[in-house]
Amino acid sequence: MWQWMAWRQHDPRGSAPRGYGWLCWIAGLCWWPVMVPAAEAPATGEVQQYQRALVSAAADVQLKLPDLSGYTEPAIRQQLGRWHGRPAELVQERLVGKVEIRKFFSAGRLVTWSRRQNQFPRIVMIRHGLATLAQLSRSMPDVVVDQGQGRYIARLPLAVAADGGLLIDKGQTLLLSEERGAFIVNAGQFYLLHGQLLGWREDTGKPATFVDKHDFRPFYTAWSNSDTYIYGSTVAHLGSSSSKAYGLTLSSYTEADEAFAPMKIDRHKPPRGWILGNRFEDMFYGFYCYEAADIAVIGNEYAKNIYYGIDPHDRSHRLIIANNHVWGSKVRHGIIVSRDVSDSFIFRNISHDNANSGIMLDRQSNRNVVAQNVSYHNGGDGIVLYESDDTLIFANQVYRNAHHGIRFRNSRHVRMVDNLVVSNARFGIYGQLRDLDHSGRDLKLDPYLRRTSGLVAGGLLSGNRSGTIFVDKPDYLKIQGVSMNPQYDSRGRIKDGLEGTLASYRAEIMAAVANPQQQWVLAQPGALPSGGQ
């Protein structure tokens, strides 16, 4: 288990550290309980419920990020070594009756596969050992066709059983035939090392480039208790909007799958994966997972994918998303985690020129760290939190986005520390409340509280067109040591850009942030967090 942060007390008589945007790794802030005396009533009745005060800042925080040094090709090759001398058993079988395939033949889909295969649908099962492309081609030359120079084309789906493995090794390319309905499902182990996995259109002899979200394209899906290792490779032209066939998917089985399985499976053992140093292009989703855990997505390029670049989903925990370059997502976001994707790290990624936001945390994705990322030129916000609590947003560069720099909605205890947020088209930081009760959302599946609170400490907020900070009726807000460069209105007059609930306190906030030893606190009575927050 990784350490999150080490907290240490700092002598309040000494000099507290001050952060300057992304250059600083240590930020001065205070998160233990603070006694806030009642102040004179503010000028407007709207904010009379608040107490406010200046307090002495007396702590610093050190960021602890996961160690990435163990995620290497030799470590993967060591795992691969367990299969030495164990060639797989390869059998063509009917597609029905296999739990690995159940998701893709139910609901009348057998007709689709029958038309593509011109027969009752069949699949290649890989069991009891490791299959290579050469072995598959020798065993079934009409199903996995050797095209020479390390290129093979699969004309039936391939299913890796729980005791099987599949290897695409250095210099090899596996083409998945779109016309014949080829895809890969993995319940065992899958290795793609310095190779290529591509969706392929045999009629044209070209990649299966995206046309319509409802059109079948080949895909890769891994299930509960499986392992997926992809290193130094290219994966492209896979996926559609069909559930669990999005492109590259790692998912747990469902309760219905467990009941269907002819032998016992443990759907509660999540899929695992190392996705390291690859290029993903023209995927419906560049990466998707569901009820996964301990997955590492490190050092990849996600370029011009259709819907999302990286999209971990429901109840996926302890993920590492680091050092990725995510750009050009055509419909939505670069990186998004949604619905209890918690206790995870998103750091040192570059996300830009995506149709919507650069980095998004959504639907009770709690206790995450978003650190040292660069998010720019996105069509939405740079970094955005919806209904997600206890997030540390640390030392990011967020600039020239079409909406806000950092937005948090219905999200509590958001710590925004040492961020450089400049030249965004709306507010630098935008905190909002929104009533979702009549939005059509399933509130049992996605509950929320219409409350918001947070801390802004260190860093630089400058040149954001709508203003510096907007916050709407927070439980509390703490501001400390932030550099706010002057902004000017159309007549050349200086404006501070503090809006919403903060508008009534502009003068005292600006005076306070000039002293890094002081922390300005606005709080509803009893709203300040307890120790450790």
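Residues numbered from 1 in each chain as written. Predicted model: local features only at pLDDT ≥ 70, side-chain atom pairs only at ≥ 80, totals over all residues. Heavy atoms only, no water.

Asker: Explain the overall build of the protein chain to me, please; I cannot follow it from the model alone.
Answerer: Assigned secondary structure in the protein chain consists of 6 helices and 50 strands. Across the protein chain, every contact between residues at least 6 apart in sequence was considered, and the portion connecting residues at least 24 apart equals 67%. Surface accessibility of the protein chain: about 21,000 Å² in total, with carbon and sulfur atoms responsible for 48%. (Helix = DSSP H or I, 4+ residues; strand = E, 2+ residues; numbered from the N terminus. Contact = heavy atoms within 4.5 Å. Areas by Shrake-Rupley, 256 points an atom, 1.4 Å probe, with all protein chains shown as cover.)

Asker: Is there a simple way to explain the layout of surface pockets in this structure?
Answerer: Any empty space left between the atoms is revealed when a probe the size of a water molecule rolls over them. Taken as a whole, the second largest pocket spans an internal volume of roughly 450 Å³. If you go around the second largest pocket, you meet 26 residues; those closest to its centre are R332, H333, M360, D362 and Y386. Only strand 23 (285–290), strand 26 (308–312), strand 29 (335–338), strand 32 (359–362), strand 35 (383–386) and strand 38 (406–409) provide two or more residues apiece to the lining of the second largest pocket. Of the residues belonging to the lining of the second largest pocket, the class tally is 9 nonpolar, 7 polar and 10 charged. (1 Å grid on protein atoms, 1.4 Å probe; cavity = no way out; pocket = protein on both sides within 12 Å on 5 of 7 lines; lining within 4 Å. Points joined across faces, edges and corners; volume = space filled by probe spheres on them. Nonpolar A, V, L, I, M, F, W, Y, C, P; charged D, E, K, R; others polar.)

Asker: Got a minute to help me understand the packing of aromatic side chains in this structure?
Answerer: For any pair of aromatic rings, geometry is given as the distance between the ring centres together with the angle between the planes. Under the counting rule described, the total for this entry stands at 22 aromatic pairs. Each ring, one from F190 and one from Y220, has its centre 4.7 Å from the other, and the planes form 45°; the classification is tilted. Residue F190 is located in strand 14 (residues 189–193), and its partner Y220 is located in strand 17 (residues 220–222); the two are separated by 30 residues in the primary sequence. Look at Y246 and Y288: their rings are 4.7 Å apart centre to centre, the planes differ by 65°, and that puts the pair in the edge-to-face class. Of this pair, Y246 sits in the loop between strand 19 (234–236) and strand 20 (247–251) while Y288 sits in strand 23, placing them 42 residues apart in sequence. The same class applies to Y246 and to Y288, which are both buried. The structure contains a cluster of three or more aromatic residues connected by ring pairs, namely F210, Y246, F284, Y285, Y288, Y307 and Y308. A cation over an aromatic ring shows up here: K244 above the ring of Y290, its NZ or CZ 4.2 Å from the ring centre. One Lys or Arg, R409, reaches over the ring of Y386 and ends 3.7 Å from the middle of that ring. (Phe/Tyr/Trp six-rings, centres within 6.5 Å; stacked < 30°, edge-to-face > 60°. Buried < 20%, exposed > 50% of the residue type's maximum accessible area, 1.4 Å probe, protein only. Lys NZ or Arg CZ within 6 Å of the ring centre and 35° of its normal.)

Asker: Could you clarify how one ought to interpret the pairing of strand 41 (residues 427–432) in this entry?
Answerer: In regular strands, side chains alternate between the two faces of the sheet. Most of strand 41 sits inside the fold, with 6 of its 6 residues counted as buried. For strand 38 and strand 41, the ladder comprises 4 bridges, and the chain directions are parallel. Within strand 41, the residue paired with F408 across the bridge is G431. Relative to strand 44 (residues 467–471), strand 41 is paired through 4 bridges, and the arrangement is parallel. Across the sheet, residue F427 finds its bridge partner in strand 44, namely G467. (Pairing = 2+ DSSP bridges.)

Asker: Please explain unusual backbone geometry as it appears in this structure.
Answerer: In terms of backbone geometry, most residues other than glycine have negative phi values and most peptide bonds are trans. Of note, the phi angle at R315 is positive, near 55°, even though the residue is not glycine. Along the chain, the position of R315 falls in the loop between strand 26 and strand 27 (320–322). Under the relative-accessibility criterion, R315 is labelled partly exposed at 32%. Its identity as a non-glycine residue notwithstanding, R348 has a phi of 55°, on the positive side. Positionally, R348 belongs in the loop between strand 30 (345–347) and strand 31 (350–352).

Asker: Would you explain the pattern of salt bridges in this entry?
Answerer: Once the charged atoms of two side chains with opposite charge are near each other, the side chains can pair. Following the criterion strictly, the structure yields 24 salt bridges and no others. A salt bridge links E73 to R77, with the shortest nitrogen-to-oxygen separation between them at 3.4 Å. Taken together, the positions of E73 and R77, both in helix 1 (residues 73–80) and 4 residues apart, correspond to about one turn of that helix. As a salt-bridge pair, R451 and D475 come within 2.7 Å of each other at their nearest N and O atoms. Pair noted here: R451 is in the loop between strand 41 and strand 42 (453–457) and D475 is in the loop between strand 44 and strand 45 (476–480), with a separation of 24 residues, a long-range link. Taking relative accessible area as the criterion, D475 reaches 8% and is therefore assigned buried. (Salt bridge = Lys/Arg side-chain N within 4 Å of Asp/Glu carboxyl O.)

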